[in-house]
Amino acid sequence: MGDYDVAIRGGTVVTASDVMQCDIGIRDGRIAALADRITGAASEIDATGLLVMPGGIDSHVHLCQNSPGIRMADDFVTGSMAAVAGGNTTIIPFATQPRGASLRDSVTQYQKLAEGNCIADYGIHLIITDPTPSILGQELPALVADGYTSFKVFMTYDEMVLNDRQLLDVFDVARREKALVMVHCEGYDSIKFMTERLEAAGRTAPYYHGKSRPELVEREAAHRAISHAELVDVPIMIVHVSGRQAMEQIRWAQQRGLKVYGETCPQYISLTEEDMKGNNCDETGGKYVCSPPPRDRDGWDAIWEGLRTGVFQTFSSDHCPFIYDSAEGKLNPKGKQSFRYVPNGIPGVETRLPILFSEGVSKGRITLEQFVALTSTNHAKIYGLYPQKGSIAVGADADLVLWDANRTVTISQSLLHHGSDYTPWEGYEVTGWPVKTILRGDVVYDDGKVVGKPGGGRFLKRALSPYAVPNGAD
Ligand code: URP
Ligand code: ZN
Ligand code: ZN
C-alpha cells in the first residue's frame, strides 16, 4: 500500500496562477502532494495529454424552484448529474423565501430537497423577498452564522421585487453581518411599462421578451444598485450581466474604488436576441427566454472586454431549466398568450465550461489561468469556500476535472444529463470537453457517464467572504 489512495499522473496541472507538469497525490479525499512523479498509489489515473484543473464551481444555479403552474426541470439529482458531467464539483443553488414566509423554514425545506440527492458538493444562497424586521433582525443573522453567507435580491419580478428602501435595508444588514449581496439588476417599473405597451400592440411572441427589457433597463438598475451600495458602503455582486451598458456601470464603479463585483454567463457571449425569434417569431423562441435577455454581438465584445480585464470575477451558468414542451414549462397555456408568462431561464450548468473554454481559451481570448479563475477559484474566494475549494494545492479537497483541450464536440440534447428537453446550444460546436470529474478523490463522471451517487455530495457551510468586507471601518 502506497502513501496515496489515488495518483493523477502525467497531466498538465492548471490553477488560477500557474500551469505546470506534475502528478497529484490524493489521500482521504484531499490533495496530499504535487510532485514531479508520484508512484505507489493504491490506484492511478492516467492524465497524459489532458489538462487537470480545479473542478468547476457554479455559484449561480437554480434547482427545485417551482412556482404556481410552473415546474423546474431539474431537482438536485438531475441538476447535479448535469453539473458533474459538465466538469463541476460544487454548485450553489438558491433557497427562496416566499413572501410572508420564514426564511429559516424556507432554508430547512430546501435542505431536505438536497439531502441524499446531490452528487456534487453544494452551498446554498438565500433569496430574500420579504425583508421584515424579524427576518433582517433575527433570521438572517442566524442563517449567516450557520454558513449561508450570501443572498440575492431582485429589482424586478412581481413575486420577488424589493423597492429602493427595502434594498437599502437589506444592504445595511449585509454590511453589518459581513454577508455578500447578489443583485438582479433590472428595473421593475420600466419592464412593466414596456410589457403593457408591447401587449397592447399585439407584440406577444417570445421575441418581445427582449424588447420589454432592453439594456438600458439593466443599466439603470445597475446604477441604482451601485448608488445604494455606495450610500451604505457595502460590497455587492451584480449577477448575470448581459452586455455593454451594465458592464460599463460596474467598471465605472470599480474605477471609483467601490467594491462592486460582476458575474456573467455563457448566454451573453454566445446567444443573441435573434435567437428569441425562434422560427419566424414563433413560440420556439421561448427556449431562449431568460433575464436579462441575450443581447447582440457588440454585447459579446463588451462581455469579453470585461472578462479579459477583470471587471467580471465570475462566469456562472445561471442554470434555470424548464421543459420546453410542457404545460408546466415554456409552453404553458398562458405563455402561449404572451411572453410575460414564459418562465424565465435556460439550462446551462453542463455547457458552461465547454463554452467558455472553447470561445475563450481555444480562440485565444483568455488564458488557461483566467479560465480557472473565472470558473472555479474566484467563486470559491468570493463565496467563502477557499482554500478548501477552487484550487489545486496541498490540503485542498481533491476536486478536479480532467479536460481534453483538443476534443471537438457538437453540443446536443442527446449528450446532456439535465432534466430539460432541449439545450439552447443545440448544434453549437465547442473545442474542449471534460473527460473525468473527481469529487474529493472519487470519480463522479467518466467520459459520458455519471458514476457519482445521489447523496455523495456534501453541504458546504460557507465562511464569511473576504470580498464582503466594506471599504470603510464601522
Ligand atoms: O431568467 C433567469 N435568469 N431566470 C433565473 C432567475 C434569475 O433571475 O436569476
Ligand atoms: Zn436573477
Ligand atoms: Zn439566476
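For clarity, every value in this text was computed on a predicted model and none was experimentally measured.

Colleague: Teacher, can you tell me more about the domain arrangement of the chain here?
Modeller: When the parts come together, some accessible area is lost, and that loss is often what is quoted as the size of the interface. Splitting the chain by domain gives domain 1 (4-54 + 393-418 + 431-449) and domain 2 (56-370). Computed over C-alpha atoms, the centres of domain 1 and domain 2 are 30 Å apart. On the domain 2 side, the residues contacting the 29 residues of domain 1 number 27 residues. Buried surface at the junction of domain 1 and domain 2, both sides included, amounts to about 2,000 Å², of which 67% is carbon and sulfur. A salt bridge links Asp-121 to Arg-440, with the shortest nitrogen-to-oxygen separation between them at 2.7 Å. The interface formed by domain 1 and domain 2 includes seven residue pairs in polar contact (both at pLDDT 80 or more). Broken down by secondary-structure element, the contributors of at least two residues to the side of domain 1 that touches domain 2 are β7 (51-54), β17 (400-410), β18 (429-439) and β19 (442-446). With seven residues, the top contributor of residues to the side of domain 1 that touches domain 2 is β18. In terms of residue class, the side of domain 1 that touches domain 2 is made up of 18 nonpolar, seven polar and four charged.

Colleague: Explain the side chain of Ser-291 here, please?
Modeller: In this fold, Ser-291 is placed in the loop between α9 (267-270) and α10 (297-309). Overall, Ser-291 belongs to the buried group, its relative accessible area being 4%. Reaching out from Ser-291, the side chain makes a polar contact with the side chain of His-209 at a distance of 3.2 Å. At 3.3 Å, the side chain of Ser-291 forms a polar contact with the side chain of Arg-213.

Colleague: What is the right way to read the state of the cysteines from this model?
Modeller: Overall, the coordinates contain zero disulfides when judged by the stated rule. No disulfide involves Cys-64; its nearest neighbouring cysteine sulfur is the one of Cys-118, lying 9.6 Å away.

Colleague: When you look at the coordination of the zinc ion (ligand 3) in this model, what are you seeing that I'm missing?
Modeller: Four donors placed tetrahedrally about a metal ideally form angles of 109.5 degrees, and six donors placed octahedrally ideally form angles of 90 or 180 degrees. Protein coordination of the zinc ion (ligand 3) is provided by His-60 (NE2), His-62 (NE2) and Asp-318 (OD), with donor distances spanning 2.0 to 2.1 Å. For the zinc ion (ligand 3), the four donor atoms are set out with angles of 91 to 124° between them, so the coordination reads as tetrahedral. As a motif over one chain, the donors of the zinc ion (ligand 3) read H-x1-H-x255-D. The metal-metal distance between the zinc ion (ligand 3) and the zinc ion (ligand 2) is 4.0 Å. Here the residue His-62 occupies a position in the loop between β8 (56-61) and α1 (76-85), and Asp-318 occupies one in the loop between β16 (314-315) and α11 (333-337), the gap between them amounting to 256 residues.

Colleague: Where do I start with the site of ligand 1 in this structure?
Modeller: Not every one of the 13 residues close to ligand 1 is listed here, only the nearest: Lys-152, His-184, Ser-291, Asp-318 and Asn-344. In the environment of ligand 1, an oxygen atom lies 3.3 Å from a nitrogen or oxygen atom belonging to the side chain of His-60. Between Asn-344 and ligand 1, the recorded distance is 3.1 Å, taken from a backbone N or O atom to a nitrogen atom. Considered on its own, ligand 1 offers 270 Å² of accessible surface; in the complex 95% of this is hidden by protein. Split by residue class, the shell around ligand 1 holds four nonpolar, seven polar and two charged.

Colleague: Honestly, the sheet that holds strand β20 (residues 449-450) in this entry has me stumped. Any pointers?
Modeller: By definition, the strands of a sheet pair up through backbone hydrogen bonds, in either a parallel or an antiparallel sense. Spatially, the seven strands line up as an open sheet ordered β3-β2-β7-β17-β18-β19-β20, and their pairing is mixed. In this open sheet, the two edge strands, each paired with only one partner strand, are β3 (19-21) and β20. Summarising the sheet, β18 and β19 pair through four bridges and their orientation is antiparallel. The residue of β19 that forms the bridge with Ile-438 is Val-443. With respect to the sheet, helix α12 (residues 352-362) is in contact with β7, β17 and β18, its orientation differing from that of β18 by roughly 125°. Each of β2 (12-14), β3 and β7 is contacted by helix α13 (residues 368-382), which is oriented at about 35° to β7, the strand it contacts most.

What counts and what doesn't
Residues numbered from 1 in each chain as written. Chains lettered and ligands numbered in written order. Predicted model: local features only at pLDDT ≥ 70, side-chain atom pairs only at ≥ 80, totals over all residues. Heavy atoms only, no water. Domains from an automatic or database assignment. Contact = heavy atoms within 4.5 Å. Buried area = accessible area lost by both parts, 1.4 Å probe. Salt bridge = Lys/Arg side-chain N within 4 Å of Asp/Glu carboxyl O. Polar contact = N/O pair within 3.5 Å; in protein donor to acceptor, adjacent residues only side chain to side chain. Helix = DSSP H or I, 4+ residues; strand = E, 2+ residues; numbered from the N terminus. Nonpolar A, V, L, I, M, F, W, Y, C, P; charged D, E, K, R; others polar. Buried < 20%, exposed > 50% of the residue type's maximum accessible area, 1.4 Å probe, protein only. Disulfide = S-S within 2.5 Å. Donors = N, O, S within 2.8 Å, 3.2 Å for Na, K, Ca; no water. Tetrahedral: all angles 85-135°; square planar, octahedral: opposite > 155°, others 65-115°. Near = heavy atom within 4 Å. Areas by Shrake-Rupley, 256 points an atom, 1.4 Å probe, with all protein chains shown as cover. Pairing = 2+ DSSP bridges. Axes fitted to C-alpha atoms, helices over the stretch in contact; angles between N-to-C directions.

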